[in-house]
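Single-letter residue listing:
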Amino acid sequence: GESTLLDPVFTLGVATVVMAMGISLFATLEAPINERLDQGAFLFGAEFGAAVLANVVFQIPIGEASDRYGRRPFILAGLVILIPSTLVQGFVTTPVAMVLARVVQGVAVALVFPVSLALAGDLAGRGQSGSTLSILTTGFGLGTAIGPLVSGVLEGVDYVAPFAFVAGLGVLALVLVATQVYDPDVDDTPGPGGEPTPRE
């Protein structure tokens, strides 16, 4: 493998925590969101569910594409999309805009999580994938638990604060993945035709 400062799977785990926080911080903010968007419980439920639904719908096609084109570009794209789609939720003022933001965030999750699992499996090799994948599933659970706690604390500071905080963590996760995670099947050094050379 390539020499990186951090373990690539651990780095993917960190990105997974941030991603799950982004989805779940919504949970504690029902009252302030409903007040700000002038809506009831039904619309809040629709917004909450939009992210999960988008994630479910897009996971399979994205997973298949990552089998063909390599994992890392999809994970990076997911984090790039996650940052603004999380941040903008602190600024939207209509239910429709919030649903759209949550759908985009759900697509980001579909780009990051299943593809990270696949890449972790690639990096682990045979015989270790169970313990390796558990790092990511634990990260997802941890992020889901921390998100509502963070938003509960930060919402007292400012309505935008929870969204801005997690978006900031998203930037950090993007930098970490960009610098510490590699695709074991693809060597970044270009071949004679300028194409990346598959790893032996």
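Conventions used here
- Residues numbered from 1 in each chain as written.
- Predicted model: local features only at pLDDT ≥ 70, side-chain atom pairs only at ≥ 80, totals over all residues.
- Heavy atoms only, no water.
- Helix = DSSP H or I, 4+ residues; strand = E, 2+ residues; numbered from the N terminus.
- Rg over C-alpha atoms; globule rule 2.2 N^0.38 Å.
- Buried < 20%, exposed > 50% of the residue type's maximum accessible area, 1.4 Å probe, protein only.
- Areas by Shrake-Rupley, 256 points an atom, 1.4 Å probe, with all protein chains shown as cover.
- Axes fitted to C-alpha atoms, helices over the stretch in contact; angles between N-to-C directions.
- Left-handed = near helix turned anticlockwise from the far one by under 90°.
- Nonpolar A, V, L, I, M, F, W, Y, C, P; charged D, E, K, R; others polar.
- Phe/Tyr/Trp six-rings, centres within 6.5 Å; stacked < 30°, edge-to-face > 60°.
- Lys NZ or Arg CZ within 6 Å of the ring centre and 35° of its normal.
- Expected span 1.5 Å × (residues − 1).
- Bend = angle between axes of the 7 residues up to and from the residue.
- Contact = heavy atoms within 4.5 Å.
- Core = buried A, V, L, I, M, F, W, Y, C linked by side-chain atoms within 4.5 Å.
- Salt bridge = Lys/Arg side-chain N within 4 Å of Asp/Glu carboxyl O.
- pLDDT = per-residue confidence, 0-100.

A look at the overall build of the chain
- Looking only at helices and strands, one finds seven helices and two strands in the chain.
- When the helices and strands of the chain are read in sequence order from the N terminus, they spell out α-α-α-α-α-α-α-β-β.
- By the compact-globule yardstick of 16 Å for 200 residues, the chain fits well, its C-alpha radius of gyration being 18 Å.
- By principal-axis analysis of the C-alpha atoms, the chain measures approximately 60 × 30 × 25 Å.
- Counting the 200 residues in the chain, one finds 44% classified as buried.
- Summed over all atoms, the accessible surface of the chain reaches about 9600 Å², with 68% contributed by carbon and sulfur.

Brief notes about the packing of helix α3 (residues 41-69) against helix α5 (residues 95-124)
- Two elements in contact, α3 and α5, have axes whose closest approach is 6 Å; the angle formed by their N-to-C orientations is 35 degrees. When you trace α3 past α5, the crossing you get is right-handed.
- Its residues assigned to classes, the contact of α3 with α5 shows 17 nonpolar, five polar and two charged.

Overview of the packing of aromatic side chains
- All told, the structure shown has five aromatic pairs when counted by the stated rule.
- Ring geometry for tyrosine 159 and phenylalanine 163: centres 6.0 Å apart, planes at 50 degrees, overall tilted.
- Residue classification places tyrosine 159 among the buried residues on the basis of a relative accessible area of 14%.
- One aromatic cluster in this structure is built from Phe26, Phe44 and Phe48.
- The ring of phenylalanine 26 carries the charged tip of arginine 102 above its face, separated from the ring centre by 4.1 Å.
- Across the ring face of phenylalanine 48, the terminal group of arginine 102 is positioned such that the distance to the ring centre comes to 5.4 Å.

Focus: α3
- Helix length check: α3, at 29 residues, gives a terminal C-alpha distance of 41 Å against a target of 42 Å (1.5 Å per residue), a fit within 8%.
- The largest bend along α3 measures about 40 degrees and falls at glutamine 59, with the proline proline 61 one to four residues further on.
- Restricting attention to buried positions, one finds in α3 the residues Phe44, Glu47, Ala50, Ala51, Ala54, Asn55, Ile62, Gly63, Ala65 and Ser66.
- Buried residues along α3 sit in contact with α1 (8-24), α2 (30-37), α4 (72-87) and α5.

Thoughts on the nonpolar core
- Grouped together as the largest cluster of nonpolar side chains are 44 residues, with contacts concentrated most on Leu12, Ile33, Ile75, Leu79, Met98 and Val177.
- Broken down by secondary-structure element, the contributors of at least two residues to this core are α1, α2, α3, α4, α5, α6 (129-154) and α7 (161-180).
- Counting residues per element, this core draws most heavily on α5, which supplies 11 residues.
- Ignoring sequence-local partners within four residues, the contact set of isoleucine 33 consists of Phe26, Gln39, Phe44, Glu47, Met98, Tyr159 and Phe163.

Points about the pattern of salt bridges
- For the coordinates displayed, the defined rule picks out two salt bridges.
- With a shortest N-O distance of 2.9 Å, arginine 71 and aspartate 122 are connected by a salt bridge. Taken together, the residues arginine 71 in the loop between α3 and α4 and aspartate 122 in helix α5 connect sequence positions 51 residues apart.
- Each member of the salt-bridge network shares a partner with another, and the members are Asp67, Arg71 and Asp122.

So, the confidence of the model for the chain
- With 90% of its residues at a pLDDT of 70 or more, the chain shows a mean pLDDT of 90.
- Counting interchain partners and residues more than four positions distant, the pLDDT-below-50 stretch residues 188-192 has seven contacts.

Here we look at the side chain of asparagine 55
- Within the fold, asparagine 55 resides in helix α3.
- The residues touching asparagine 55, leaving out its near neighbours within four places in the chain, are Gly106, Val109 and Ala110.

Looking at the environment of serine 116
- Assignment of secondary structure puts serine 116 in helix α5.
- Residue class for serine 116 comes out buried when judged on its relative accessible area of 0%.
- Ignoring anything within four residues of it in the chain, the contact list for serine 116 reads Leu12, Ile75 and Leu136.

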